[in-house]
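Report on the structure
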Amino acid sequence: TYKKNTMDPAALAYLAAGLGAGISAVGAAIGIGRLASSSMDGAARQPEAAGDIRGLMIVSAGLIEGVALFALIICLLLVLFV
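So, a few notes on the structure that sits alongside this text. Note that the structure is a prediction, hence the values are computed from the model and not measured. (Residues numbered from 1 in each chain as written. Predicted model: local features only at pLDDT ≥ 70, side-chain atom pairs only at ≥ 80, totals over all residues. Heavy atoms only, no water.)

1. Things to note about the environment of Gly33
Here Gly33 shows up in helix 1 (residues 9–45). Residue class for Gly33 comes out partly exposed when judged on its relative accessible area of 36%. Sequence spacing of Gly33 and Gly55 is 22 residues, and the spatial spacing of their C-alpha atoms is 16 Å. (Helix = DSSP H or I, 4+ residues; strand = E, 2+ residues; numbered from the N terminus. Buried < 20%, exposed > 50% of the residue type's maximum accessible area, 1.4 Å probe, protein only.)

2. Quick word on the pattern of salt bridges
Throughout the structure, instances matching the rule amount to 1 salt bridge. We note a salt bridge from Arg45 to Asp41, for which the minimum N-O separation is 3.3 Å. Here the residue Arg45 and the residue Asp41 both occupy positions in helix 1, the gap between them amounting to 4 residues, near one helical turn. By relative accessible area, which is 66% here, Arg45 ends up exposed. Overall, the relative accessible area of 40% leaves Asp41 in the partly exposed class. (Salt bridge = Lys/Arg side-chain N within 4 Å of Asp/Glu carboxyl O.)

3. Here we look at a nonpolar patch on the surface
On the surface, a cluster of nonpolar side chains totalling about 770 Å² of accessible area is made up of Leu69, Phe70, Ile73, Leu76, Leu77, Leu80 and Phe81. Looking at the element boundaries, Phe81 is found in the segment after helix 2 (50–80). (Patch = residues over 30% accessible without salt bridge, like charges linked within 9 Å, V, L, I, M, F, W, Y side chains within 5 Å. Areas by Shrake-Rupley, 256 points an atom, 1.4 Å probe, with all protein chains shown as cover.)

4. Comments concerning the environment of Ala25
For Ala25, the position within the fold is in helix 1. C-alpha separation for the pair Ala25 and Arg54, spaced 29 residues apart in sequence, amounts to 23 Å.

5. Description of the side chain of Ser24
Here Ser24 shows up in helix 1. When sequence neighbours within four positions are dropped, the list of residues in contact with Ser24 reads Ala68, Ala71 and Leu72. (Contact = heavy atoms within 4.5 Å.)

6. Describing helix 2
Relative to the 45 Å expected for 31 residues at 1.5 Å per residue, helix 2 spans 44 Å between its end C-alpha atoms, a close match to the ideal helical length. Within the span of helix 2, buried status applies to Ala61, Ala68 and Cys75. Each element contacted by the buried residues of helix 2 is listed here: helix 1. (Expected span 1.5 Å × (residues − 1).)

7. Details of the packing of helix 1 against helix 2
With their axes 9 Å apart at the nearest point, helix 1 and helix 2 run at an angle of 180° to one another. By the criterion of interaxial angle, the relationship of helix 1 to helix 2 is roughly antiparallel. Grouping the amino acids of the contact of helix 1 with helix 2 by side-chain chemistry returns 21 nonpolar, 6 polar and 1 charged. (Axes fitted to C-alpha atoms, helices over the stretch in contact; angles between N-to-C directions. Parallel < 35°, antiparallel > 145°, perpendicular 65-115°, else oblique. Nonpolar A, V, L, I, M, F, W, Y, C, P; charged D, E, K, R; others polar.)

Written as structure tokens, this is what we have:
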């Protein structure tokens, strides 16, 4: 009467959602940090282009945050519908 150790599918979904949300948040933070660092470096090297660099940085940061938001929504849907 040996019973195999089985995992509940809902528990695995919660684990996957937690890991996915954490990884996507960390990835977005790293991406925005590198973006800001490169933008500051570019603005320091060419002060006359600082306005253009700032605009591109804001658009790029918005795109990175959008991807992170989609990842978090997918993780939330994984929790809600499993």
